Amino acid sequence: MDEIDIEKAKVILGDIAKKMNDDQLKDTCVEAQYLVESWLDDYERSIFEGKTLRELLGESI
């Protein structure tokens with residue numbers, strides 16, 4: 001996560017981000033991204049017979 005991403009996160013999160021230092025904000029964003037990707041993979045597997053969209057399209061991760 002670079003400085004531009006940190007600034008975007010601060011704008012989006014508003015007052016919540018003011019209570020965090022940059023390292024905490026980075027960690028929170030990384031954790032949120034991981035959860036979103038994990039939940040999306042789980043959802044895709046539930047509708048595409050156990051495969052993600054990337055797997056169906058043959059893309060490498």
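Position numbers for residues count from 1 along each chain, tracking the sequence in the order it is written. Thresholds applied to this predicted model are a pLDDT of at least 70 for local features of residues and 80 or more for the giving and counting of side-chain atom pairs; totals over whole chains, interfaces and linings are not thresholded and use all residues. Each side-chain value is derived from all of the structure's non-hydrogen atoms; neither hydrogens nor water enter the calculation.

Only DSSP runs of H or I with at least four residues qualify as helices, and only runs of E with at least two residues qualify as strands; both kinds are numbered from the N terminus onward. Of the regular secondary structure elements, the chain holds four helices and zero strands. Reading the helices (α) and strands (β) of the chain from amino to carboxyl end gives α-α-α-α. Radius of gyration here uses only the C-alpha atoms, and the compact-globule reference equals 2.2 Å multiplied by the residue count raised to the power 0.38. Its C-alpha radius of gyration of 16 Å places the chain more than 25% over the 10 Å reference for a compact globule of 61 residues. By principal-axis analysis of the C-alpha atoms, the chain measures approximately 45 × 20 × 15 Å. Only protein chains enter the calculation, and the probe is 1.4 Å; a residue is then buried if its accessible area is under 20% of its type maximum, exposed if over 50%, and partly exposed in between. Expressed as a percentage of its 61 residues, the buried residues of the chain come to 10%. Here the chain displays about 5200 Å² of accessible surface, and carbon together with sulfur accounts for 55% of that area. Asp and Glu are treated as the negative residues and Lys and Arg as the positive ones, with His and the ends of the chain left uncounted. Charged side chains are reduced to one point each, which is NZ for Lys, CZ for Arg, CG for Asp and CD for Glu. On the chain, the mean spot of the 8 positive side-chain charges and the mean spot of the 16 negative ones are 3 Å from each other. Residue-level accessible areas treat just the shown protein chains as cover; the underlying method is Shrake-Rupley with a 1.4 Å probe.

The next thing to look at is the side chain of Thr-52. Topologically, Thr-52 is positioned in the loop between helix H3 (22-47) and helix H4 (53-57). Residue contacts are counted whenever heavy atoms from the two residues lie within 4.5 Å of one another. Filtering out sequence-adjacent residues up to four positions away, Thr-52 remains in contact with Asp-41, Glu-44 and Arg-45.

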